[in-house]
Amino acid sequence: MAIEIEQPSSVELSKVAVSETHGENSPYFAGWKAYDEDPYHESNNPSGVIQMGLAENQVSFDLLEEYSEQHSEAFTWGKGAPGFRENALFQDYHGLQSFREAMASFMEQIRGGRAKFDPDRVVLTAGATAANELLTFILADPGDALLVPTPYYPGFDRDLRWRTGVKIVPIHCDSSNNFQITPQALEAAYKEAEAMNKKVRGVLITNPSNPLGATIQRSVLEEILDFVTHKNIHLVSDEIYSGSAFSSSEFISIEEILESRKYKNSERVHIVYSLSKDLGLPGFRVGTIYSYNDKVVTTARRMSSFTLISSQTQHLLASMLSNKKFTENYIKTNRERLRKRYEMIIQGLKNAGIECLKGNAGLFCWMNLSPLLEEQTREGELALWDSMLHEVKLNISPGSSCHCSEPGWFRVCFANMSEQTLEIALKRIHDFMQQRERQRKPISSQ
Amino acid sequence: MKLLSRKATCNSHGQDSSYFLGWQEYEKNPYDEVKNPKGIIQMGLAENQLSFDLLESWLAKNPDAAGFKKDGQSIFRELALFQDYHGLPAFKQALVDFMSEIRGNKVTFDPSNLVLTAGATSANETLVFCLAEPGEAFLLPTPYYPGFDRDLKWRTGVEIVPIHCTSSNGFQITETTLEEAYQLAQKRNLKVKGVLVTNPSNPLGTTMSRTELNLLVNFISAKNIHLISDEIYSGTVFSSPGFISIMEILKERSFEDTEVWNRVHIVYSLSKDLGLPGFRVGAIYSNDDMVVAAATKMSSFGLVSSQTQYLLSAMLSDKKFTKNYISENQKRLKQRHKKLVSGLEKAGISCLKSNAGLFCWVDMRHLLSSNTFEAEIELWKKIVYDVKLNISPGSSCHCTEPGWFRVCFANMSEETLKLSMQRLKAFVDSTTKTSQTNHQSIENSRRKSLPKWVFRLSFDDRETVHGER
């Protein structure tokens, strides 16, 4: 057989495979590249790029490590590994009963006992990424639309749209009212979808919000629920940051609103959760869908076959999360540490003359650099972002990657580094701002 | 009412009640050596339970791997944060080495062409998403794993067109049957994007011959389509003619640097060879950079837990362990297989000559009251209710010939297997002795009490619950 010269493949891959909808060519990912090429390191590379674009929670690992020291059996199936066999064979898409119960109870604890979750409504998925995509497959057909308030987590462009063929229509929020969702904005988004001939299947909110770092107020949740009920559509509440609210009482879950309405019309509501942020375990791929709709629960369970959680991991976390002493202490301590970090960064930014949106949750703050823009446009924002990345050596996330309608806002993470590193980042910002100030006033008046 | 998507509401295509009955009966009355010796023996579950002791002893000797320690130091933090969809480099290296070892090191794999997924279920679906549009088709030889109806079609919108294989030649693929399937697709106005084969085959338990593999390469080359080779059972080959990987054939024919090279993709998993279905470890291997790139991004929707990647990278990097495991596991499967075959023989039942897998493809055509699928289901029900064995009817695997059943042998103890064969023999003996009339009237009334759709050939999603393969 003659050796043929390599030709570009003439058998096409699917449109999904070649499309750009995975979104990885956006600035959001380009910043990663710059970081990867020149990562900051305290001793090895002190002038490298500091990663502030990664919403990871690294402030409470010591608590997890302490737990693992004291409870090695959760990791090793006990001496002689008696439970290993059963665990290794377990691939039931219902998930480990003990783990579902532990998740439900953990979610209740995070909500200060103000909410009740039924373990039989918990569907397990390999991360919230999978949970959000799965729900979209179930709630919408290709070509339909989901309404999502801006600014939103850039990953949604991939998670909700890529393989599902569903569209995102933005619910525009702006700084005039602290980016809160209004009934007018909801209605406008709905009309926009209609004008594009897209059938709206639901609203997806993230509460606490990424990238705003703020919880949604009770009155707004009520309005959103009224809106979806009136339009007869679904509501997905991604509560992945619920455990990162600095004060338990400030986070109000959609579950509480439903409970106050005696669960009337609740079959349109679905909650997404994960342990990636609150517990800082993104590598373990632990996500859940909690749905008040029986058919959604059943279908989601079947679909979860494509994205089951490793039974080894379920076993470990069932043990950890059913240890009430551990979880209570963890939740409390974690909140406190995040709050302290938040205050540190806010103060540091303030000293540099930078304002942020008032936040009360999450692993990041929403910073306003619009006064620094050469022009109040997306290009102006990206130019500033480029300076921050290449001159100040900080990778932060530009608001445009989050589809923010107002240029100049940036998401800055504070929980994925040590306090020392945060200090250095703040110093760099401070110096940058001072330098800018000096440049604006050529005749020094300082 | 808030409507759900078409995908959500159409999933009832997966419901096959006759199949569901088997599982239901088993769960109501599961066999237990001590507590329920008269219960139903589960022989419909393709699990490998023969070599756990080898894994357990490795774990006992290497506690650090599960304990998040590396060289005595805790790497908890590192692992907990690791969510890179490129996968743990050490794990990918160990996995490709393992895959190579299974193939007698006749082929090597590049870890950068490997994409990790949460199980082969996810790998197969992801590949189809990458290779085909909704409405396009893949050709699959029958009989095939019932789960493919869900895995390849459900969310992708892609169709399966069968390549009808028959017992006339041991269910092997031929040039004719390949071409017929292709024509059938054309007639149905379906654009064929590729062929998907399982090698070794589920449910046949046979490895594909060199002839078949070459036929496939010729076919996909001529038609300009893809080939997915699901080699999930590659480590379970226990006797000759031995396992020939599609990659070997391509190498032999010097296909590297050709278009065809880029159109062949392998799926693998540790669920069968290592008996770890719960850990959700699957992989896609492709020589096409674009497929690798797209599949890698898609794997975000089903990554392997870093905790599991670390444990298995330690285990599979232990070459002394893997060498011993592979050979010992094969030895045990061979012994078990022999026990099942001889047990069946004693009952006057033959099966397809096989050299791999965790099951046998059993010929019970001579026990059918008629050469129909209704008779097959009739017989199946007798075996479930009367003989108390849950086995898989060929119709659920889309077999074109009634009377074939898949019977698993690696998911139970030797004693239990022995007992199942005794029961079967007793059943066959009694059937041939007593008159047919008695049975016939009972079965007739049973058949009348079940709705027609019970006899439809389709997959039961209940299988999914137990991850049946």
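Residues numbered from 1 in each chain as written. Chains lettered and ligands numbered in written order. Predicted model: local features only at pLDDT ≥ 70, side-chain atom pairs only at ≥ 80, totals over all residues. Heavy atoms only, no water.

### Looking at the overall build of chain B
Looking only at helices and strands, one finds 18 helices and 15 strands in chain B. Among the 469 residues that make up chain B, the fraction classed as buried is 65%. Counting only contacts in chain B whose residues sit at least 6 apart along the sequence, the fraction spanning at least 24 positions is 76%. For chain B, the accessible surface area stands at approximately 16700 Å², while carbon and sulfur atoms represent 52% of it. (Helix = DSSP H or I, 4+ residues; strand = E, 2+ residues; numbered from the N terminus. Buried < 20%, exposed > 50% of the residue type's maximum accessible area, 1.4 Å probe, protein only. Contact = heavy atoms within 4.5 Å. Areas by Shrake-Rupley, 256 points an atom, 1.4 Å probe, with all protein chains shown as cover.)

### A closer look at the overall build of chain A
Counting its regular elements, chain A contains 16 helices and 13 strands. Radius of gyration (C-alpha) of chain A: 23 Å, near the 22 Å computed for a compact globule of 446 residues. With the C-alpha coordinates aligned to their principal axes, the bounding extent of chain A is approximately 75 × 75 × 55 Å. Counting all 446 residues of chain A, 62% fall into the buried class. Pairs at least 24 apart in sequence give 76% of the contacts found in chain A among residues at least 6 apart. (Rg over C-alpha atoms; globule rule 2.2 N^0.38 Å.)

### Description of the packing of helix H6 (residues 89-102) of chain B against helix H14 (residues 319-346) of chain B
Residues and elements named next belong to chain B. At their nearest, the axes of H6 and H14 sit 11 Å apart, and the two run at 35° to each other. For the crossing formed where H6 meets H14, the hand is right-handed. Each of Asp-97, Phe-98, Glu-101 and Ile-102 in H6 lies in contact with H14, whose residues at this interface are Lys-319, Thr-322, Lys-323 and Ile-326. Looking at the contact of H6 with H14 residue by residue, the class counts come to 3 nonpolar, 1 polar and 4 charged. (Axes fitted to C-alpha atoms, helices over the stretch in contact; angles between N-to-C directions. Left-handed = near helix turned anticlockwise from the far one by under 90°. Nonpolar A, V, L, I, M, F, W, Y, C, P; charged D, E, K, R; others polar.)

### Some details on the environment of Arg-411 of chain A
Residue and element names in this part refer to chain A. Turning to its location among the elements, Arg-411 is positioned in strand E13 (residues 409-413). Residue classification places Arg-411 among the buried residues on the basis of a relative accessible area of 2%. Separated by 48 residues in the primary sequence, Arg-411 and Leu-363 place their C-alpha atoms 9.8 Å from one another. At a separation of 3.0 Å, a polar atom in the side chain of Arg-411 contacts the main-chain carbonyl oxygen of Gly-53. (Polar contact = N/O pair within 3.5 Å; in protein donor to acceptor, adjacent residues only side chain to side chain.)

### Thoughts on the interface of chain B and chain A
With 85 residues of chain B at the contact, the number on the chain A side is 83 residues. Between chain B and chain A, the buried area comes to about 7600 Å², and carbon and sulfur atoms account for 59% of it. Across the contact surface, chain B and chain A share 3 salt bridges. Close ionic contact of Asp-141 of chain A with Arg-6 of chain B constitutes a salt bridge, the shortest N to O distance being 3.7 Å. Summed over the shared surface of chain B and chain A, the number is 21 residue pairs in polar contact (both at pLDDT 80 or more). Of all the elements, helix H7 (residues 119-131) of chain B adds the most residues to the side of chain B that touches chain A, at 7 residues. Class assignment of the residues belonging to the side of chain B that touches chain A gives a composition of 36 nonpolar, 27 polar and 22 charged. (Buried area = accessible area lost by both parts, 1.4 Å probe. Salt bridge = Lys/Arg side-chain N within 4 Å of Asp/Glu carboxyl O.)

### Topic: the sheet that holds E13 of chain A
All names here are of chain A. Spatially, E9-E10-E13-E12 is the arrangement adopted by the 4 strands of the open sheet, whose pairing is antiparallel. Each of the sheet's edge strands pairs with one partner strand only, and the pair in question is strand E9 (355-356) and strand E12 (397-398). The pairing of strand E10 (residues 364-368) with E13 spans 5 bridges and is classified as antiparallel. The residue bridging Phe-364 from the neighbouring strand is Cys-413, located in E13. Where helix H14 (residues 324-351) meets the sheet, its contacts fall on E9, E10 and E13, and the angle it forms with E10 comes to roughly 15°. In the packing of helix H15 (residues 378-390) onto the sheet, contacts are made with E12 and E13, and the angle to E13 comes to roughly 30°. (Pairing = 2+ DSSP bridges.)

### Considerations on unusual backbone geometry
All names here are of chain B. In this structure, the amide linkage connecting Thr-142 to the following residue, Pro-143, adopts the cis form with an omega of -5°. Along the chain, the position of Pro-143 falls in the loop between strand E5 (137-142) and helix H8 (148-153). Of the consecutive residues Ser-240 and Pro-241, the connecting peptide bond is found in the cis state with omega at 10°. With respect to the helices and strands, Pro-241 occurs in the loop between strand E8 (226-230) and helix H11 (246-252). If you check the backbone angles, Asn-224 has positive phi at about 60° while not being a glycine. Within the secondary structure, Asn-224 is located in the loop between helix H10 (210-223) and E8.

### Remarks on the packing of aromatic side chains
For any pair of aromatic rings, the description consists of the separation of the ring centres together with the inter-plane angle of the planes. Tallied over the full model, the rule gives 34 aromatic pairs over all chains. Arranged with centres 6.0 Å apart and planes meeting at 10°, the rings of Trp-361 of chain B and Trp-404 of chain B form a pair that is stacked. Taken together, the residues span a long stretch of sequence, with Trp-361 of chain B in strand E12 (residues 359-363) and Trp-404 of chain B in strand E15 (residues 404-408) at a distance of 43 residues. Through successive ring pairs, a cluster of aromatic residues spans Phe-61, Phe-75 and Phe-284 of chain A together with Phe-68 and Phe-76 of chain B. (Phe/Tyr/Trp six-rings, centres within 6.5 Å; stacked < 30°, edge-to-face > 60°.)

### Considering the nonpolar core
Core analysis: the biggest nonpolar cluster contains 155 residues, and Phe-99, Leu-147 and Val-203 of chain A together with Leu-95, Leu-139, Val-195 and Leu-270 of chain B have the highest contact counts within it. Setting aside residues up to four positions removed in sequence, Leu-147 of chain A forms contacts with Val-169, Ile-171, Leu-186, Ala-189, Tyr-190, Ala-193, Val-200, Gly-202, Val-203, Leu-204 and Phe-227 of chain A. Counting 146 residues, the second largest nonpolar core, distinct from the first, contains Ile-396 and Ile-429 of chain A together with Ala-295 and Phe-405 of chain B. (Core = buried A, V, L, I, M, F, W, Y, C linked by side-chain atoms within 4.5 Å.)

### Thoughts on the confidence of the model for chain B
Of all residues in chain B, 90% have pLDDT values of 70 or greater, and the mean over the chain is 91. Counting interchain partners and residues more than four positions distant, the pLDDT-below-50 stretch residues 449-468 of chain B has 65 contacts. (pLDDT = per-residue confidence, 0-100.)

### Overview of the sheet that holds strand E11 (residues 350-351) of chain B
Residue and element names in this part refer to chain B. As summarised here, the arrangement of the 4 strands in space is E11-E12-E15-E14, forming an open sheet in which the pairing is antiparallel. The two strands at the open ends of the sheet, each matched to only one other strand, are E11 and strand E14 (392-393). Direction of pairing for E11 relative to E12: antiparallel, over a ladder of 2 bridges. Bridge pairing in E12 links Ser-350 to Asp-363. Packing against the sheet, H14 makes contact with E11, E12 and E15, and its axis sits at approximately 15° to E12. Its contacts with the sheet place helix H15 (residues 373-385) against E14 and E15, and it is angled at close to 30° to E15.

### Some details on the state of the cysteines
All names here are of chain B. Under the defined criterion, the tally for this structure stands at 0 disulfides over all chains. Take Cys-165: it sits in no disulfide, and the sulfur closest to it among the cysteines is that of Cys-399, at 9.1 Å. Residue classification places Cys-165 among the buried residues on the basis of a relative accessible area of 1%. Between Cys-408, a cysteine without a disulfide, and Cys-360, which holds the nearest cysteine sulfur, the sulfur-to-sulfur distance is 9.4 Å. (Disulfide = S-S within 2.5 Å.)

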